[in-house]
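Structural description and commentary
One-letter residues, chain by chain:
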Number of protein chains: 2
Amino acid sequence: GLVIGVPRERAPRERRVAATPETVARYLKRGFRVIVEQEAGLAAGFPDEEYRQAGAEIVAEPGDLYRRASVIIKVQRPLPEEIEFLQPGHVIIAFLQPLIAPELVAVLAERGVVAVSMDTIPRITRAQPMDALSSMSTVAGYKAVLLAANELPKFFPLMMTAAGTIRPAKVLVLGAGVAGLQAIATARRLGALVEAFDTRPVVKEQVESLGAKFLELDVTTEEVGGYAKELAEEHLRREQELIHRHCLEADVVITTALVPGRRAPLLVRETTVREMRPRSVIVDLAAEMGGNCELTVPGETVVRYGVTIMGPLNLPSEMAYTASQMYARNVATLLEHLAPKGEFVWNLEDEITRGVVLTKDGTILHGPTLERLKEIKEEVR
Amino acid sequence: GLVIGVPRERAPRERRVAATPETVARYLKRGFRVIVEQEAGLAAGFPDEEYRQAGAEIVAEPGDLYRRASVIIKVQRPLPEEIEFLQPGHVIIAFLQPLIAPELVAVLAERGVVAVSMDTIPRITRAQPMDALSSMSTVAGYKAVLLAANELPKFFPLMMTAAGTIRPAKVLVLGAGVAGLQAIATARRLGALVEAFDTRPVVKEQVESLGAKFLELDVTTEEVGGYAKELAEEHLRREQELIHRHCLEADVVITTALVPGRRAPLLVRETTVREMRPRSVIVDLAAEMGGNCELTVPGETVVRYGVTIMGPLNLPSEMAYTASQMYARNVATLLEHLAPKGEFVWNLEDEITRGVVLTKDGTILHGPTLERLKEIKEEVR
């Protein structure tokens, strides 16, 4: 059967791991063997001992691991020193981000590696148990609320105390995708009053079922691959106005709006921040893609006009235990899909396989990556 | 009528304020006047403008404030430069901590100041709306859970996701006083499984009504002034055993055990921490009094044997908005009790008045403070 290798992540501040003792046991039951690099799960809260008990072999040297494993499962895309270990025929599964790092895909093709990307899984129902982007968004949405609640000098819940009633905090969530919905649910758990806005009116029901108020703008847009299409000028103006007005009443604003492969839309302007309550908090989950707030500094927490603006990067890594648990299950489900009887069946007729296999036999197979590489070539010219 | 002065707190890292726009309005209705030092409430989230709208006068110079006000309301006990401003006849209301800083009380008596302490309010039913220690414990208990949830790399709630079920975090709360009960309530809100231990079996019902499991030891102790009496040797051993066992299963341990005027009891030993899960979190709310965990470093977050141990100091200051709101109401209720018709009535027959008035007319009136000063004199001899 296949030998799965789980290296320790070497990217800075990355604490997640691509397999947990739970998925190791699951692989073994399927007839796979698993080799885990020493301390690969430690930062996420999974000590070597637990992997060993689950049936994995622990190895000290990554070189050893890559030599013996035929499938490498990782979180982050490989660093240059990790690419060196990859040999023809190796299968690597990770967040390869082909649209952000298309050159890496070309390198992997050249090396004769089969590159499988966890972030290009099609957003179809039967792929949901493999949908690692959704898993990580769930984690980010939860964590964003904790960051905000920890920063806000105010209680989230309504409290009836001997010293009288304390009114609940007001939370505004912009964007009701997976991260936004989880942020709404978590803020509601903590007892805040929650309002949410999304350009897609179809999410209204979901927002309301979580106990939040859905802010309405009489504008409609179509959906493109589950994401919101960019809005026309006039719509934008009215959206800005609505957001501005509700930001001024909020104690916490959590922004989650992303457009795939593009800069995140600007939703909260400096003119809005300037008028917000002092000591209110903005958590910008789009910081990695430039931010939804004009004053966000990616990777930092800044105070502007008395408002704390947090632009966290890689929040799932800060929730490494749960994030690894979910990611490892996503990887295991995909692996089992690609190798249902213990060996890989590269069935490119299958929508999921076609979505995730970026390179094979020295060739780039993934359409959007090829397009992106062509775009870059043209830009250079 | 009385003129109330609200200076800006000058102690390092103190963000609270003794009056909010709400209590300013309340004082004015009672016929008091209120002077607030510039930016006194800013760090807590109350800008000058809101005090002005409530009817306060804003002054730039603290000297000015002390000269014109007859009652000074504060959070922290006065620093040397603030003591300089106090004149005979001034009434000062603050957390004076007479058992920790008895020399200050002697100084205040010498200066002919009436010293009123917010932390010696008797724990009787009719004094509850003034009970600032309870208010601050409520804040600390809430904040402790947020610190823990923010540090733990795991979700608190049970989650049913496309990637399967995520089990809820396990939280152990040691000590079920006001802070402990609030910690239990907050951890439950966030969806954790909560266990709690307290040496007083009477709190069992309260713990269970919050949805937590009460850990039982067949040991009983009497209550002394609402606090737990120190336990005898044998009881301690069995208590340690119970705590040890449940710590090993916990993701988060929150400790809240205090004995008034004494070092906090050691509940979580190094031998326990050594065996706890890696990446689990201890928040020690007794850090200020030496800590309930043997490895706590007051004011710091340390990692020992893979366990994160937080020893926060002055948590209420980090929740300055809500903490100020509650504290300001406690102060206002006490002030209205001491001066029901706009002028002070120093009725020492009244249990509350007798509890809070430390000095008057150049004399220390407060029994426990006098005893503490006598003890110190004897120690010096």
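Residues numbered from 1 in each chain as written. Chains lettered and ligands numbered in written order. Predicted model: local features only at pLDDT ≥ 70, side-chain atom pairs only at ≥ 80, totals over all residues. Heavy atoms only, no water.

Thoughts on the packing of helix α5 (residues 102–110) of chain B against helix α14 (residues 367–380) of chain B
Residues and elements named next belong to chain B. Two elements in contact, α5 and α14, have axes whose closest approach is 9 Å; the angle formed by their N-to-C orientations is 115°. One way to sum up the angle between α5 and α14 is to call them roughly perpendicular. Along this stretch, α5 crosses α14, giving a crossing that reads as left-handed. Of the residues in α14, those in contact with Pro 102, Glu 103 and Val 105 of α5 are Thr 369, Arg 372, Leu 373 and Ile 376. When the residues that make up the contact of α5 with α14 are grouped by side-chain class, the tally is 4 nonpolar, 1 polar and 2 charged. (Axes fitted to C-alpha atoms, helices over the stretch in contact; angles between N-to-C directions. Helix = DSSP H or I, 4+ residues; strand = E, 2+ residues; numbered from the N terminus. Parallel < 35°, antiparallel > 145°, perpendicular 65-115°, else oblique. Left-handed = near helix turned anticlockwise from the far one by under 90°. Contact = heavy atoms within 4.5 Å. Nonpolar A, V, L, I, M, F, W, Y, C, P; charged D, E, K, R; others polar.)

What about the interface of chain B and chain A?
It is common to give the size of an interface as the accessible area that goes away when the parts come together. Contacts between chain B and chain A engage 49 residues on the former and 49 residues on the latter. For the pair chain B and chain A, the two sides together bury roughly 4,000 Å², of which 57% comes from carbon and sulfur. Of all residues in chain B, B:Asn150, B:Phe155 and B:Arg189 bury the most surface against chain A, accounting for 16% of the area lost on that side. Viewed at the interface, chain A and chain B are joined by 2 salt bridges. (Buried area = accessible area lost by both parts, 1.4 Å probe. Salt bridge = Lys/Arg side-chain N within 4 Å of Asp/Glu carboxyl O.)

A short note on the environment of A:Glu110
Residue and element names in this part refer to chain A. With respect to the helices, strands and loops of the structure, Glu 110 is situated in helix α5 (residues 102–110). Residue classification places Glu 110 among the exposed positions, given a relative accessible area of 71%. Measuring from C-alpha to C-alpha, the distance between Glu 110 and Thr 165 comes to 66 Å, with 55 residues separating the pair along the chain. (Buried < 20%, exposed > 50% of the residue type's maximum accessible area, 1.4 Å probe, protein only.)

A closer look at the relation of the copies chain B and chain A
In summary, the two copies of the chain are related to each other by a rotation about an axis coupled with a shift along it. Superposing chain B onto chain A requires a rotation of 180° together with a translation of 0.0 Å along the rotation axis, leaving an RMSD of 0.0 Å. This pairing of chains is accounted for by a two-fold axis. Both copies share a contact surface, since 100% of the interface residues of chain B are interface residues in chain A too. (Least-squares fit on C-alpha atoms with pLDDT ≥ 70 in both.)

A closer look at the sheet that holds strand β17 (residues 307–310) of chain B
Residues and elements named next belong to chain B. Spatial strand order, β11-β10-β9-β14-β15-β17-β16: 7 strands in an open sheet with mixed pairing. Of all strands in the sheet, those bounded by a partner on one side alone are β11 (213–214) and β16 (301–304). Of the pairings in the sheet, the one linking strand β10 (residues 193–197) to β11 comprises 2 bridges and is parallel in character. Across the sheet, residue Ala 196 finds its bridge partner in β11, namely Phe 214. Sheet strands touched by helix α6 (residues 132–151): β14 (252–255), β15 (281–284) and β17. Its angle to β15, the strand with the most contacts, is close to 155°. (Pairing = 2+ DSSP bridges.)

Description of the sheet that holds strand β14 (residues 252–255) of chain A
Residue and element names in this part refer to chain A. What the 7 strands build is an open sheet, ordered β11-β10-β9-β14-β15-β17-β16; its pairing is mixed. Strands at the two margins of the open sheet, each flanked by one partner only, are β11 (213–214) and β16 (301–304). With respect to the sheet, helix α6 (residues 132–151) is in contact with β14, β15 (281–284) and β17 (307–310), its orientation differing from that of β15 by roughly 155°.

Observations concerning the environment of B:Ala115
Residue and element names in this part refer to chain B. The topology assignment puts Ala 115 in strand β6 (residues 114–117). Expressed as a C-alpha distance, the spacing of Ala 115 and Leu 373, which sit 258 residues apart in the sequence, is 16 Å. Residues within four places of Ala 115 in sequence aside, it is in contact with Ile 92, Leu 96, Leu 108, Val 356, Val 357, Leu 358 and Thr 359.

Some words on the side chain of B:Asn150
When you line up the elements, B:Asn150 lands in helix α6. A relative accessible area of 16% places B:Asn150 in the buried class. Discounting residues that sit within four places of it in the chain, B:Asn150 has contacts with A:Lys143, A:Leu146, A:Leu147 and A:Asn150.

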